[in-house]
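Listed below are the residues making up each chain.
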Amino acid sequence: MKRSLGCCYYPEHWPEALWAEDAARMAEAGLSWVRIGEFSWSRLEPRPGELDWDWLDRVIDILGQAGLKIILGTPTATPPRWILDKWPDMLALDPQGRPRTFGSRRHYCFSHPGYRAESARITRLMAERYGSNPHIQAWQTDNEYGCHDTTLSYSAAACRAFRDWLAEKYGTITTLNVAWGNVFWSMDYGRFDQIDLPNLTVTEPNPSHLLDFRRFSSDQVVAFNRLQVEILRQHSDAPLVHNYMARITDFDHYRVGADLDIASWDSYPLGFLEDRSDACDDWKRRFARQGDPDFQAFHHDLYRAVGRERWWVMEQQPGPVNWAPYNPAPLPGMVRLWSWEAFAHGAEAVCYFRWRQAPFAQEQMHAGLLRPDSVEALGLTEAKDVATEIEALPEVGTAQARVALVFDYESAWAWQIQPQGASFDYFRLVFDHYRALRKLGLSIDILPPNTADLSTYRLVLIPGLMTFRQPLRLALQRFEGAVLAGPRSGSKTDNFAITLGDSVMPGLGVKVVYVESLRPGAELPLAQGGSLSYWFEALDTAEPVLEQTVDGEVARVGNERRQYLAGWPDQSALLRILEELCQLQGIVCKHLPEGVRIRDTTTHRFIFNYSAERIEFDDIDLAPAGVVWKTR
């Protein structure tokens with residue numbers, strides 16, 4: 001598959017005299033795609049019903065005539081002020097009941113019927129006008145669902161919609177009371193309209209109530225996106241895409257992605273290292289100008305799963321950003337490295353954010369491919385290098401990994417609702433497993449929790465999965481490879497009650513007697529090396545004991561094909577356990593130098609050096625921020 005580059009462009013920010021020059025420079029730089037329109041509603045409709053398409057018509061023609069393919073965004077992430085005047089109750093409310101007001105973006109509640117109607121209207125108008133335009137080669141729905149904590153809303157509109165959702169799910173209030181365990185603390189309801197949203201309670205709300213609210217809120221995102229998708233498909237055959245974010249687990253991305261053709265995400269390695277990483281300060285200092293060696297790769301593989309093998313980077317950091325606690329410049333070579341790492345994981349396109357740095361408003365300190373005065377920035381120089389290399393490198397495809405890792409959004413909600421320990425975090429648990437696999441030189445596929453076929457893999461990891469549902473249970477029964485599950489996997493029912501009677505892991509007889517969360521500094525050393533942190537489970541099992549703590553507590557049980565972890569291993573223990581399982585399954589591991597990572601494609605092996613130092617590895621001289629590929 002031929003890879004391509006692009007950028008995000010905001011023609012409404014610049015004098016029209018610049019448009020043709022910008023288009024020519026984009027094409028000259030080797031860019032193929034340009035995304036426009038996703039924040040332009042106030043320019044398209046400055047007053048209710050007063051549409052101004054002329055400027056967008058002209059810029060689409062200019063960009064298209066320059067040979068650029070356009071991704072047109074629906075502008076629903078930034079409703080104009082007049083829409084709020086029309087629908088003053090459209091704003092989301094935070095958990096304290098305070099409105100998320102106008103003055104930035106994403107100021108709407110997914111459940112508000114009036115705003116949904118406005119979103120459908122502007123989407124339909126855009127689709128009718130541009131659906132058959134040959135320059136529009138893709139559509140983006142909205143922008144960054146969930147960004148700025150905007151999935152959950154505690155508004156009156158959300159409350160009404162939640163009650164309807166519950167009535168449809170449970171049918172009778174008695175069924176809901178039983179499912180939620182409302183006999184506890186006399187929480188029984190007599191009618192669905194008595195149920196409020198799970199905020200502002202005296203102490204913690206019922207966890208089943210909270211989990212259903214999280215499911216409902218995710219469904220509202222799915223429905224909002226689907227509304228636009230159905231309209232766009234009536235008028236256009238171009239592929240539909242949404243740009244997701246990093247470490248956003250507030251809604252089920254798999255379900256949103258099922259309605260789209262392509263998944264994309266917005267990759268900001270340096271911002272995310274400072275803003276969304278759990279790494280220690282020493283780690284952040286070491287990779288401050290490179291980004292975490294595994295964080296981008298994890299999301300590449302996640303969104304490859306969400307997009308069912310079709311995915312892009314819609315926004316790639318080209319220089320310093322403006323929104324993290326600290327915003328260093330990338331090490332020279334990193335923009336090129338990040339681009340090639342995305343391609344090595346199967347990206348069809350990498351688009352840089354943004355073409356030109358804005359000299360005004362909230363993002364004026366965010367670098368672009370051009371400086372505000374239109375002088376070329378370092379990021380553009382590296383993008384040009386990538387464009388040249390794309391032409392020279394034969395087409396490559398994503399290789400089938402031998403190792404898979406299950407990631408589940410509902411499990412993230414469950415363990416946020418009832419972590420049982422301040423240090424327990426589902427994303428970090430899964431990411432720790434991913435990092436250890438990467439350190440062993442392995443390529444990984446990420447799988448959704450309803451995966452029904454595992455036959456192409458030799459090893460599957462299932463950490464922290466709340467519930468094993470039927471498709472995955474059946475797949476595990478047929479699976480001939482090895483499975484490592486736990487901790488906390490299979491521990492709850494769909495209604496968020498403790499699993500009673502059954503084993504927590506299919507294929508093994510394992511029951512959990514009790515759990516304990518471990519404070520920092522209270523790790524449990526393992527007899528074979530490493531330790532357990534954050535979480536430990538006392539097990540009732542007749543399965544063979546594979547590992548114990550130094551105090552003799554059971555830490556891992558099972559056999560060569562099915563194993564369960566009773567705690568959260570640190571990296572040294574995980575590396576040892578995973579290497580052992582890989583050897584049993586004939587999977588070759590390679591301990592990599594710190595900062596060096598590998599990704600295999602069908603034809604090439606890519607080697608990335610996230611280190612700021614030169615490294616000799618595998619008879620290859622890796623420069624700082626270097627990328628090397630060789631034929632497999």
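Residues numbered from 1 in each chain as written. Predicted model: local features only at pLDDT ≥ 70, side-chain atom pairs only at ≥ 80, totals over all residues. Heavy atoms only, no water.

**Observations concerning the pattern of salt bridges**
In plain terms, the rule: Salt bridge, as used here, is a side-chain nitrogen of Lys or Arg placed within 4 Å of a carboxyl oxygen of Asp or Glu. Secondary structure is summarised from DSSP: a helix means a run of H or I of at least four residues, a strand means a run of E of at least two, and numbering begins at the N terminus for each. Under the scheme applied here, a residue whose accessible area is under 20% of the maximum for its type counts as buried, over 50% as exposed, and between as partly exposed, the area being computed with a 1.4 Å probe on protein chains only.
All chains considered together, the criterion is met by 51 salt bridges. With a shortest N-O distance of 2.6 Å, Arg597 and Asp294 are connected by a salt bridge. Of this pair, Arg597 sits in strand 20 (residues 596–600) while Asp294 sits in the loop between helix 11 (281–286) and helix 12 (295–306); the two residues are 303 residues apart in sequence, bridging distant segments of the chain. On the basis of relative accessible area, Asp294 is assigned to the buried category, the value being 0%. Glu547 is the partner of Arg556 in a salt bridge, and the nearest nitrogen-oxygen pair spans 3.0 Å. Take Arg556 and Glu547: they sit in the same class, and that class is buried. Counted as one network, the salt bridges with shared partners bring together Lys169, Asp212, Arg215, Glu410, Arg469 and Asp494.

**Digging into the packing of aromatic side chains**
The line we're drawing: For this analysis, a ring pair means two rings from Phe, Tyr or Trp (six-membered ring only for Trp) whose centres lie within 6.5 Å, classed as stacked if their planes differ by under 30 degrees, edge-to-face if by over 60, and tilted for the remaining angles. By the criterion adopted, a ring carries a charge over it if an Arg CZ or a Lys NZ lies within 6 Å of its centre and within 35 degrees of its normal.
The full count for this structure, using the stated rule, is 53 aromatic pairs. Taking 4.7 Å as the distance between ring centres and 40° as the angle between the ring planes, the aromatic pair formed by Trp340 and Trp629 counts as tilted. Within this pair, whereas Trp340 is found in helix 13 (residues 334–344), its partner Trp629 is found in strand 24 (residues 627–631), the two being separated by 289 residues in sequence. Here Trp629 falls in the partly exposed class, since its relative accessible area comes to 24%. Above the ring of Trp14, the side-chain terminus of Arg356 is found at 4.6 Å from the ring centroid. For the cation-ring pair, Arg488 lies above Phe424, with the distance from its terminal atom to the ring centre recorded as 4.8 Å.

**Some remarks on the sheet that holds strand 6 (residues 262–267)**
Backbone-to-backbone hydrogen bonds pair the strands of a sheet. The strands run either parallel or antiparallel. Note the cut-off: For two strands to be treated as a pair, DSSP must find at least two bridges joining them. To obtain an axis, a line is fitted to C-alpha atoms, over the contacting stretch when the element is a helix, and the angle between two such axes runs from 0 to 180 degrees between their N-to-C directions. The contact rule is simple, with two residues in contact once any of their heavy atoms fall within 4.5 Å.
Strand order in this closed barrel of eight strands is 1-2-3-4-5-6-7-8, and the pairing throughout is parallel. When strand polarity is set aside, the average angle formed by the axes of neighbouring strands in this sheet is 25°. As paired strands, strand 4 (residues 136–140) and strand 5 (residues 240–244) are joined by two bridges and run parallel to one another. Its bridge partner being in strand 5, Trp139 is matched across the sheet by Leu240. Sheet strands in contact with helix 12 are strand 5, strand 6 and strand 7 (311–316), and its direction is about 160° off that of strand 6.

**Section: the environment of Leu393**
Tracing the chain through its elements places Leu393 in the loop between helix 14 (378–392) and strand 9 (403–406). For Leu393 and Lys2, which are 391 residues apart along the polypeptide, the C-alpha to C-alpha distance reads 9.4 Å.

**Details of the packing of helix 16 (residues 426–439) against helix 18 (residues 571–584)**
Note the threshold: Every angle not falling under 35 degrees, over 145, or within 65 to 115 is termed oblique; those three ranges are roughly parallel, roughly antiparallel and roughly perpendicular. Here a crossing is called left-handed whenever its near helix is offset anticlockwise from the far helix by less than a right angle, and right-handed whenever the offset is clockwise. Amino acid classes used here: Ala, Val, Leu, Ile, Met, Phe, Trp, Tyr, Cys and Pro are nonpolar; Asp, Glu, Lys and Arg are charged; the rest, including Gly, are polar.
In the contact formed by helix 16 and helix 18, the axes pass within 9 Å of each other and the chain directions differ by 60°. Taken together, helix 16 and helix 18 sit at an angle that is classed as oblique. Handedness of the crossing formed by helix 16 with helix 18: right-handed. Residue-level inspection shows Asp432, His433, Arg435, Ala436, Leu437 and Lys439 of helix 16 in contact with helix 18, the latter providing Gln571, Leu574, Leu575 and Leu578. Taken together, the residues of the contact of helix 16 with helix 18 sort by class into five nonpolar, two polar and three charged.

**Section: the environment of Ser503**
Put simply, the rule reads: Identification of polar contacts relies on pairs of N or O atoms within 3.5 Å, with a donor-acceptor requirement for protein atoms, meaning one able to donate a hydrogen and the other able to accept it, and with residues adjacent in sequence counted only if both atoms are side-chain atoms.
Note that Ser503 resides in the loop between strand 12 (482–485) and strand 13 (510–517). Along the chain, Ser503 and Val59 lie 444 residues apart, while their C-alpha atoms are 61 Å from each other. There is a polar contact of 3.0 Å between the side chain of Ser503 and the backbone oxygen of Met505. One polar contact links the side chain of Ser503 to the main-chain amide nitrogen of Val510, over a distance of 3.0 Å.

**What to know about the nonpolar core**
Applied cut-off: By convention a nonpolar core is built from buried Ala, Val, Leu, Ile, Met, Phe, Trp, Tyr and Cys residues, the set being connected through side-chain atoms within 4.5 Å.
Counting 144 residues, the largest nonpolar core has Ile36, Leu56, Leu63, Phe298 and Phe407 as its most contacted members. Those residues in contact with Phe407 that lie beyond four places of it in its chain are Thr249, Tyr254, Phe298, Leu302, Tyr426, Phe427, Val430, Ile446, Leu447, Pro448 and Pro449. Among the nonpolar cores identified, the runner-up in size contains 29 residues, and Val406, Leu454, Leu476 and Phe536 belong to it.

**Examining unusual backbone geometry**
Of note, the bond from Phe353 into Arg354 is cis; its omega dihedral lies within 30 degrees of zero at 0°. Counting through the fold element by element, Arg354 comes out in the loop between strand 8 (349–352) and helix 14. Put simply, Gly486 and Pro487 share a cis peptide bond, and its omega is 0°. A positive phi angle, close to 55°, is found at Trp185, a residue other than glycine. On the secondary structure map, Trp185 appears in the loop between helix 7 (173–180) and helix 8 (207–235). Overall, the relative accessible area of 57% leaves Trp185 in the exposed class.

**So, the sheet that holds strand 20**
Read from one edge to the other, the open sheet built from three strands follows the order 20-21-24, with strand pairing classed as antiparallel. Lying at the two open borders of the sheet, with one neighbouring strand each, are strand 20 and strand 24. Across the sheet, the mean angle from the axis of one strand to that of its neighbour is 20°, orientation sign disregarded. Note: strand 20 against strand 21 (residues 604–609), five bridges, orientation antiparallel. Following the sheet pairing, Ile598 is matched in strand 21 by Ile607.

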